[in-house]
Amino acid sequence: MNSPQISTAFLALFLLLLIQTQTSLSYQYKVGDLDSWGVPPPSNKHVYSYWSQRHHFQIGDSLLFLYPPSQDSVIQVTMQAFNSCSISDPILKMSDGNSIFNITKPGTYYFTSGVPAHCQKNQKLEVAVPMANGIFLPPAGDGAAAGPGSAMSPSSSAFPIIFGPSAAAAERSAAAEVRMAVAAMWAVVIVGVFLVNLV
Ligand SMILES: *[C@@H]1O[C@H](CO)[C@@H](O)[C@H](O)[C@H]1NC(C)=O
């Protein structure tokens, strides 16, 4: 192998790594940011819905719920249970005060507190996670329960109903374009340096 070939191989490897690291970052989100998981204050009743609307969750991310374990807990429930604040039959219950929920599948996840009456006081969190291509699945409205750490099973329909690209998806694809542009810029810089060295 002569040196241009080696440089080209390195360039390709570098670009691959760059694109890889920029697209596969996963985040751990602290639910509610500064506020711990609990009944929202009357002045900020919708803190959790605002919080989830401000973030774009992806497969591989996780949700960290922090709360005093003697006073609260986290349960994952179905959409129906979420809407009616029925907490008697959760999909998943976590109560250690430092609970991590790992997002492994696309779909909509519903959380509330396992403590009676907290759900009615807006301690509720809905998190929508799009598929890897940025498209959101419709919420499971047929009572199909999402499993722990999972959401919808692969659609049984040959033609799944898919919500059109939402604002969030558009934002994400814009972010992907920025990443690609950055990667392309790097490529130009590296090829430039390579050519200069060649002369
Ligand atoms: C999520 O993953 C972390 C470690 O990566 C683990 O400690 C935690 O128990 C997991 N959460 C659930 C709900 O399985």
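Residues numbered from 1 in each chain as written. Predicted model: local features only at pLDDT ≥ 70, side-chain atom pairs only at ≥ 80, totals over all residues. Heavy atoms only, no water.

(A) Main features of the site of the ligand. Taken together, Met94, Ile100 and Asn102 make up the full set of residues near the ligand. In this structure, an oxygen atom belonging to the ligand sits 2.5 Å away from a side-chain N or O atom of Asn102. A total of 370 Å² of accessible area belongs to the ligand in isolation, and the protein chains cover 37% of it. (Near = heavy atom within 4 Å. Polar contact = N/O pair within 3.5 Å; in protein donor to acceptor, adjacent residues only side chain to side chain. Areas by Shrake-Rupley, 256 points an atom, 1.4 Å probe, with all protein chains shown as cover.)

(B) View of the confidence of the model for the chain. For the chain, per-residue confidence averages 80 on the pLDDT scale, and 72% of positions sit at 70 or higher. Segment residues 142-147 is flagged for pLDDT under 50; beyond a separation of four residues in sequence, or across chains, it makes nine contacts in the model. (pLDDT = per-residue confidence, 0-100. Contact = heavy atoms within 4.5 Å.)

(C) Expanded view of the side chain of His55. Turning to its location among the elements, His55 is positioned in the loop between α2 (47-54) and β2 (62-66). Residue classification places His55 among the buried residues on the basis of a relative accessible area of 19%. Each residue touching His55, except ones within four places of it in the same chain, is listed here: Tyr29 and Asp33. (Helix = DSSP H or I, 4+ residues; strand = E, 2+ residues; numbered from the N terminus. Buried < 20%, exposed > 50% of the residue type's maximum accessible area, 1.4 Å probe, protein only.)

(D) Representation of the sheet that holds strand β4 (residues 92-94). The strand order across the open sheet formed by four strands is β4-β3-β6-β7, and the pairing between neighbours is antiparallel. Two strands bound the open sheet, and with one partner strand each, they are β4 and β7 (124-129). Sheet twist, expressed as the average angle between the axes of neighbouring strands with direction ignored, equals 20°. Pairing of strand β3 (residues 74-77) with β4 involves three bridges; the strand directions are antiparallel. Counterpart to Val74 in the pairing with β4 is Met94. (Pairing = 2+ DSSP bridges. Axes fitted to C-alpha atoms, helices over the stretch in contact; angles between N-to-C directions.)

(E) How the structure looks around the pairing of β2. Counting buried positions over the five residues of β2 gives four, a clear majority of the element. In this sheet, β2 lies alongside strand β1 (residues 28-30) in parallel orientation, the contact comprising three bridges. Bridge pairing in β2 places Gln28 opposite Ser62. Between β1 and its parallel partner β2, the chain crosses via α2, and the hand of that crossover is right-handed. Looking at chain direction, β2 and strand β5 (residues 98-102) are connected through five bridges and run antiparallel. Considered in β5, the bridge of Phe65 is made with Ser99. (Right-handed = clockwise from strand over helix to strand, strands pointing away.)

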